[in-house]
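# Examination of the molecular architecture
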Amino acid sequence: MNRNITTDTHLTADELDLAAANAAGLVDAHRIHVGTCQQCADGVADVREVSVALRDLPVVSPRPGLTERVMARVRLPLPWHRRAVIAARERKGISAAAAATLAALGAGGAVWALQFPALRPAALATWIFGRAGDLLWQAAIGLGRVAYALGLPDLASAIGADLTLGSAVAGLATIALVSIGSLSVMVRLVSETQPALIRAS
Amino acid sequence: MVNYADQDDKQLVGLCRRGDERAARELVERFQRPVFSIVYRMVRDRERAEDLTQETFVRTFNNLDRYDRSYKFSSWLFKIAYNLTVDHLRKKELRTISIHGSPDAVTADQQEATSVTLESAEEAPDVRLESLELAGQLEDAIGRLRAEYRTAILLRHVEGRAYEEIAEIMDIPLGTVKTYIFRARRQLREGLSGLHEAPED
């Protein structure tokens, strides 16, 4: 910052630093002032002498092994998946029961699906897409009703008139965006570090 | 594969928060010398300086959830080191100051354990001895400064920290930092002028 220097004012601490380092940032007015003001010249000499002496101080270092001693006492947070594994190990009974239940449900579901042709993958996909289309229509109609209830008949009729493939795709994209957003929030919540957890092995 | 040496401090902190122990090691390796250097010059006792340095890192990593990423990591680390050191100095008033070991050292072994090895650039033995003597006297002059002045001037001239950062670390106004450094320089310069006159005596 360029500050006007008069005979009654002196260089600031920052300006003394710049003058001592003979730095390019020092403006000519300050350089001239140092040449004529004994107080500022002394200040510059102080800075220069002390900074040179301190810069040349010998390096002092801790003895080797400090990193190991620190790491032996540090308790870093663990990633969520490692916490889940550790929690599972600590609760072996519950984990075994949960795994057995999941396996039984999976096996039962597979047998059931094979016995009923309507639940085979292709048929299931057709049904899901059919239902998704119905849901989109229902959502659009619901939106139109809400607009009508809010006293916006023009908007309601516009929604009704514009129920096209484009609006269906837009609706699907909105749902996808909301789902992705919700999922990312959930993932962040789960993976957020917890303070003072089990030490990283 | 993460190259830890190429990561900046905040990136390493992010990795530590996800439980990456190697990132924590890199931060310890990166900052152990500057932290030890400041702490040692504050307490003038190698063993205590190493203990305080170790404690600084342990507290830093065990409280990473409290670290505000808008601040420089090094400022936060130095702040913890400063607070720990000031607490230590408050509890134990130093009686004498010497690079030759703790004032509490009674036996030669204790003195050896608490003294510090000054690492100097390769010089002829007599030059090295002279520079170490000068450095020792300068260290003594630094040790005679008030703890606040000492911290401020070491952070400024040994660690090259900006005034604003020193204010953050010491939790004092910027103007106070400038005053401390100005006074510290004056006192050190007086000490240094004594050194320059000594050879002629």
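Residues numbered from 1 in each chain as written. Chains lettered and ligands numbered in written order. Predicted model: local features only at pLDDT ≥ 70, side-chain atom pairs only at ≥ 80, totals over all residues. Heavy atoms only, no water.

### Here we look at the packing of helix α1 (residues 13-20) of chain A against helix α3 (residues 38-55) of chain A
Residues and elements named next belong to chain A. Rules: Here an axis means a line fitted to C-alpha atoms, over the contact stretch when the element is a helix, while the angle between two N-to-C directions is reported on a 0 to 180 degree scale. A run of H or I in DSSP counts as a helix once it spans at least four residues, and a run of E counts as a strand once it spans at least two, with each numbered from the N terminus. Any angle from 65 to 115 degrees is called roughly perpendicular, while one under 35 is roughly parallel, one over 145 is roughly antiparallel, and all others are oblique. Handedness of each helix crossing follows the sense of rotation of the near helix against the far helix: counterclockwise by less than a right angle gives left-handed, clockwise gives right-handed. Residues are treated as being in contact if the distance between any of their heavy atoms lies within 4.5 Å. Any residue that is not Ala, Val, Leu, Ile, Met, Phe, Trp, Tyr, Cys, Pro, Asp, Glu, Lys or Arg is counted as polar, Gly included; the first ten are nonpolar and the last four charged.
Close contact between α1 and α3 brings their axes to 8 Å; oriented N to C, the two are set at 70°. Considering the angle they form, α1 stands roughly perpendicular to α3. The handedness of the crossing between α1 and α3 is right-handed. Together, Leu16, Asp17, Ala19 and Ala20 of α1 and Cys40, Gly43, Val44, Val47 and Arg48 of α3 make up the contact between the two elements. Residues of the contact of α1 with α3, tallied by class, amount to 6 nonpolar, 1 polar and 2 charged.

### What to know about the confidence of the model for chain B
Residues and elements named next belong to chain B. Our working definition: Every residue gets a pLDDT, meaning the predictor's confidence in that residue, from 0 to 100.
Summing up the model confidence of chain B, the mean pLDDT is 81 and the portion of residues at 70 or higher is 75%. Counted against residues more than four places away or in other chains, residues 94-100, with its pLDDT under 50, gives 24 contacts. Confidence drops under a pLDDT of 50 for residues 118-123, and excluding neighbours within four residues, the segment shows 15 contacts in the predicted structure. Here the complex is predicted with pTM 0.60, and the ipTM for its interfaces comes to 0.74.

### Looking at the interface of chain B and chain A
To be explicit about the condition: Here the buried area means the combined drop in accessible surface, using a 1.4 Å probe, for two parts upon being joined, counting both sides. Salt bridges are defined as contacts in which a side-chain nitrogen from Lys or Arg sits within 4 Å of a carboxyl oxygen from Asp or Glu.
Each side of the interface is counted separately: chain B has 50 residues, and chain A has 39 residues. Its largest share of buried area at the contact with chain A, chain B owes to B:Gln54, B:Arg185 and B:Arg189, together 14% of the area lost on that side. The tally of links between chain B and chain A comes to 9 salt bridges. Breaking the side of chain B that touches chain A down by element, the ones donating at least two residues are α1 (9-17), α2 (21-43), α3 (46-62), α6 (125-143), α7 (147-157) and α9 (174-197) of chain B. When residues in the side of chain B that touches chain A are grouped by element, the largest group, 11 residues, is from α2(B). In terms of residue class, the side of chain B that touches chain A is made up of 21 nonpolar, 9 polar and 20 charged.

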